[in-house]
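Chain and residue survey
Residues per chain are reported as follows:
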Amino acid sequence: MSNRIFASGDEALALGVRLARPQVIAAYPITPQTITVERLADYVEDGSLKSQYLYVESEHSAMSACIGASAMGARTFTATSSQGLLYMSECLHYASGSRLPIVMMDANRSIAAPWSIYGDQRDALSQLDTGWIQFYVENAQEALDMVIQAYRVAEDPEVMTPVMVNLDGFVLTHTYELIELPEQELVDKYIPYRDYPNKMDLDNPKSTCITAGPPYNMQFRYQQHTAIMKAAKVIVEADKEYGRLFGRSYGGLVESYRCDDAEAIIVTLGSVAGTTRLVVDDLREKGYKVGLLKLRCLRPFPSEEVVKILGKAKVVGVLEKDISFGYEGAVFTEINSALTALKDIPETYNFVAGLGGRSISKGDIREVFEKIISYSSGKEPAKRVEFVKLGCDDYGN
Amino acid sequence: MERPKVKAFTPPKKMEEYPLGPAYTAGNLVDVSSGMRTFRPVIDTEKCVKCMRCFLVCPDGVIDKSGEVLEIDYDFCKGCGVCAKECKIKAISMRKEGEV
């Protein structure tokens, strides 16, 4: 019997969650995540997923409920997007600070104001400092696979840190593709339920969220930081083991595509990586030495991989659906910071694109490649940060 | 009046000695409250039937049941009033501090 089905990103993610068998799900619906939580409610209703499903009144409550359940040692799941993620933000810190291995899906969506339900990555990127591990996926299959891997990473005793799986709103959540479903038995083997080392225990009662004043607080922060740094190795191993069991692996923290001899490399994340891959192939056929570095994980940040892969390039373009107003895209800052480890730093340029759901086409990406190649050869004056397809003339130009 | 026994606290020296996240065996305050109460609960021991409801709900565990009658440890009571609110027979009243 074929275990391949046609599913949207939201549906694929819900199927992945069903395979991971969380014992408690607490969620509040928000576009474009809604289909995921609807499907999960269906699975609980039809009995194919044995889980406590809590319909809560807000995202703040959704994460709070997950925190309570996870503290009791239950495997938990929630999903949100945009405004919902921001409303949850206080609790994101509580979850990571309490070292609870909650897994969450975030459907990347623009943030108000102005209001928009369409996709960009400003929601999740604004939450980089919440102490969560952050994955970004390229397609529905990767969404399904990564939500399963997320539990493996989060619940690792060395890690014990919550994980956020990000998929682009609409472009991934609402488009359909053929996906392959892993076997339940193998998934159970890959992520068996485990006793959380810090779970609440009636025989050894504990007080949660104790106060830690100046003499002790910093140690807890160091502990959190160390755990996420250690997660890098766990993520790579989890991906390799997944490959052995299910035949698909993604390269760990990053995927380097045709970068070996590339002179110009685009760094990007999420669904744009898929489009960039096609442009790289097109340009390679025409003889251009170009490549793609896909960031799969932003926390822990893959600085070693970035240095190793980009260190050989002449010029780098960071293409992202984000802008930190008054500076540049957050991912661009991260990349530049990593590259300071090099003596010979390649030229780097930032391309802010797709804000509020504006499409990023093959043509746009080709233009980014053309621009960075032209900048590095001095053919045209370079711009450090530019908005792709602004849609109108720049002030005074 | 009985107070919980004070345990010696040895500050952790190594990271390994810290709990995994801030969940740890509950302790109790050892420093006397600095007089934050506006109202203090007073138990009418004539009325009280020692049902222990107040003992169970007191967030600070300041109701002592070791003696003949229930007693409140005013050194640690913060005057929240949960005991008075929960007492089914109204044996606990809240009296303004400074007034008799």
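Residues numbered from 1 in each chain as written. Chains lettered and ligands numbered in written order. Predicted model: local features only at pLDDT ≥ 70, side-chain atom pairs only at ≥ 80, totals over all residues.

**Digging into the overall build of chain B**
From N to C terminus, chain B includes two helices and four strands. The secondary structure elements of chain B, listed N-terminal to C-terminal, are β-α-β-β-α-β. The C-alpha atoms of chain B give 17 Å as radius of gyration, which overshoots the globular expectation for 100 residues (13 Å, by more than 25%). Dimensions of chain B along its principal axes, counting C-alpha atoms only, are 55 × 30 × 25 Å. (Helix = DSSP H or I, 4+ residues; strand = E, 2+ residues; numbered from the N terminus. Rg over C-alpha atoms; globule rule 2.2 N^0.38 Å.)

**Regarding the overall build of chain A**
Assigned secondary structure in chain A consists of 13 helices and 15 strands. For a compact globule of 397 residues, the expected C-alpha radius of gyration is about 21 Å, and chain A comes in at 21 Å, within 12% of that figure. For the C-alpha atoms alone, the extent of chain A along its principal axes is close to 70 × 60 × 45 Å. Residue pairs in contact within chain A that sit at least 24 positions apart in sequence constitute 80% of those at least 6 positions apart. (Contact = placed C-beta atoms within 7 Å.)

**Let's talk about helix α13 (residues 362-376) of chain A**
Residues and elements named next belong to chain A. Under the 1.5 Å per step criterion, the end-to-end length of α13 is 21 Å for 15 residues, consistent within 8% with the ideal 21 Å. Along α13, the positions that sit buried rather than exposed are Ile 365, Val 368, Phe 369, Lys 371 and Ile 372. Buried residues along α13 cover an arc of 160° about the axis, so they all sit on one side. For α13, exposure combined with an orientation more than 90 degrees from the buried face picks out Lys 362 and Gly 363. Residues of α13 that are buried in the fold lie against β10 (264-268), α10 (272-285), β11 (290-295), β13 (315-320) and β14 (347-352). (Expected span 1.5 Å × (residues − 1). Buried ≥ 20, exposed ≤ 12 C-beta atoms within 10 Å, placed from the backbone. Arc of directions from axis to C-beta.)

**Describing the packing of α10(A) against α13(A)**
Residue and element names in this part refer to chain A. Packing of α10 against α13 brings their axes to within 9 Å, and their N-to-C directions diverge by 60°. With respect to their mutual orientation, α10 and α13 come out oblique. When the axes of α10 and α13 are compared, the crossing they make is right-handed. Packed against α10, whose contacting residues are Thr 275, Thr 276, Leu 278, Val 279 and Leu 283, the element α13 presents Lys 362, Ile 365, Arg 366 and Phe 369 at the interface. Here the residues of the contact of α10 with α13 sort into five nonpolar, two polar and two charged. (Axes fitted to C-alpha atoms, helices over the stretch in contact; angles between N-to-C directions. Parallel < 35°, antiparallel > 145°, perpendicular 65-115°, else oblique. Left-handed = near helix turned anticlockwise from the far one by under 90°. Nonpolar A, V, L, I, M, F, W, Y, C, P; charged D, E, K, R; others polar.)

**Quick word on the environment of Met15(B)**
You can see Met15(B) is positioned in the segment before β1 (39-43). The exposure class assigned to Met15(B) is exposed, which follows from the 11 C-beta atoms found within 10 Å. If near-sequence neighbours (up to four positions away) are discounted, Met15(B) is found in contact with Gln219(A), Tyr222(A) and Gln223(A).

**Brief notes about the domain arrangement of chain A**
Residues and elements named next belong to chain A. Looking at the assigned domains, one finds that chain A contains domain 1 (4-196 + 214-246) and domain 2 (254-387). Computed from C-alpha coordinates alone, the two centres of domain 1 and domain 2 are separated by 27 Å. On the side of domain 2, 20 residues touch domain 1, which itself brings 28 residues to the contact. Put simply, the parts of the chain that give the side of domain 1 that touches domain 2 at least two residues each are α6 (122-125), β6 (133-136), β7 (163-168) and α9 (217-246). The leading source of residues in the side of domain 1 that touches domain 2 is α9, at five residues. (Domains from an automatic or database assignment.)

**Here's the deal with helix α11 (residues 303-310) of chain A**
Here α11(A) has its buried residues at Glu305(A), Val306(A), Ile309(A) and Leu310(A). Buried residues in α11(A), looked at end-on, bunch into an arc of 105°, giving them a common side.

**Observations concerning the nonpolar core**
Generally speaking, nonpolar side chains in soluble globular proteins are found buried as a group. Among the nonpolar cores identified, the biggest contains 121 residues, and Ala143(A), Val147(A), Ala150(A), Val153(A), Val163(A), Val165(A) and Ile265(A) are the most heavily contacted of them. The biggest single contributor to this core is helix α7 (residues 140-154) of chain A, with 10 residues. Taken domain by domain, this core gets at least three of its residues from each of domain 1 (4-196 + 214-246) and domain 2 (254-387) of chain A. Those residues in contact with Val163(A), other than ones at most four positions away along the chain, are Val103(A), Trp132(A), Ile133(A), Phe135(A), Ala150(A), Val153(A) and Ala154(A). Ranked by size, the runner-up nonpolar core spans 11 residues in total, among them Cys58(B), Val62(B), Cys87(B) and Ile92(B). (Core = buried A, V, L, I, M, F, W, Y, C linked by C-beta atoms within 7 Å.)

**Here's the deal with the packing of α11(A) against helix α12 (residues 330-339) of chain A**
Residues and elements named next belong to chain A. The interhelical angle for the contact between α11 and α12, taken along N-to-C directions, is 75°, at an axis separation of 9 Å. It follows that α11 is roughly perpendicular to α12 by the angle criterion. Where α11 approaches α12, its residues Ser 303, Val 306, Val 307 and Leu 310 are matched on the opposing element by Ile 335, Ala 338 and Leu 339.

**Considerations on the sheet that holds strand β12 (residues 297-299) of chain A**
Residues and elements named next belong to chain A. On the basis of which strands lie adjacent, the open sheet formed by seven strands has the order β3-β2-β4-β5-β7-β6-β12 and mixed pairing. In this open sheet, the two strands that pair with only one neighbour each are β3 (52-55) and β12. Recorded for the sheet is a direction-independent mean angle of 20° between the axes of neighbouring strands. Contacting β5 (103-108), β6 and β7, α7 runs over the sheet at an angle of about 165° to β7. (Pairing = 2+ DSSP bridges.)

**Notes on the sheet that holds β13(A)**
Residues and elements named next belong to chain A. Ordered in space as β9-β11-β10-β13-β14-β15, the six strands form an open sheet in which the pairing is mixed. Looking at strand neighbours, the two that pair on one side only are β9 (254-257) and β15 (385-387), the edges of this open sheet. Ignoring which end each strand starts from, the neighbouring axes of this sheet average 20° apart. Note: β10 against β11, five bridges, orientation parallel. Considered in β11, the bridge of Val 267 is made with Leu 293. Strands in contact with α13 are β10, β11, β13 and β14; relative to β13, the strand with the most contacts, it is inclined by about 145°.

**Quick word on unusual backbone geometry**
In this chain, Ala112(A) is followed by Ala113(A) through a cis amide linkage whose omega measures -5°. Following the sequence through the fold, Ala113(A) ends up in the loop between β5 and α6. For Met160(A), which is not glycine, the phi torsion reads 40° and is therefore positive. For Met160(A), the position within the fold is in the loop between α7 and β7. For Met52(B), which is not a glycine, the phi torsion comes out positive at approximately 75°. Structurally, Met52(B) is set in the loop between β1 and α1 (53-57).

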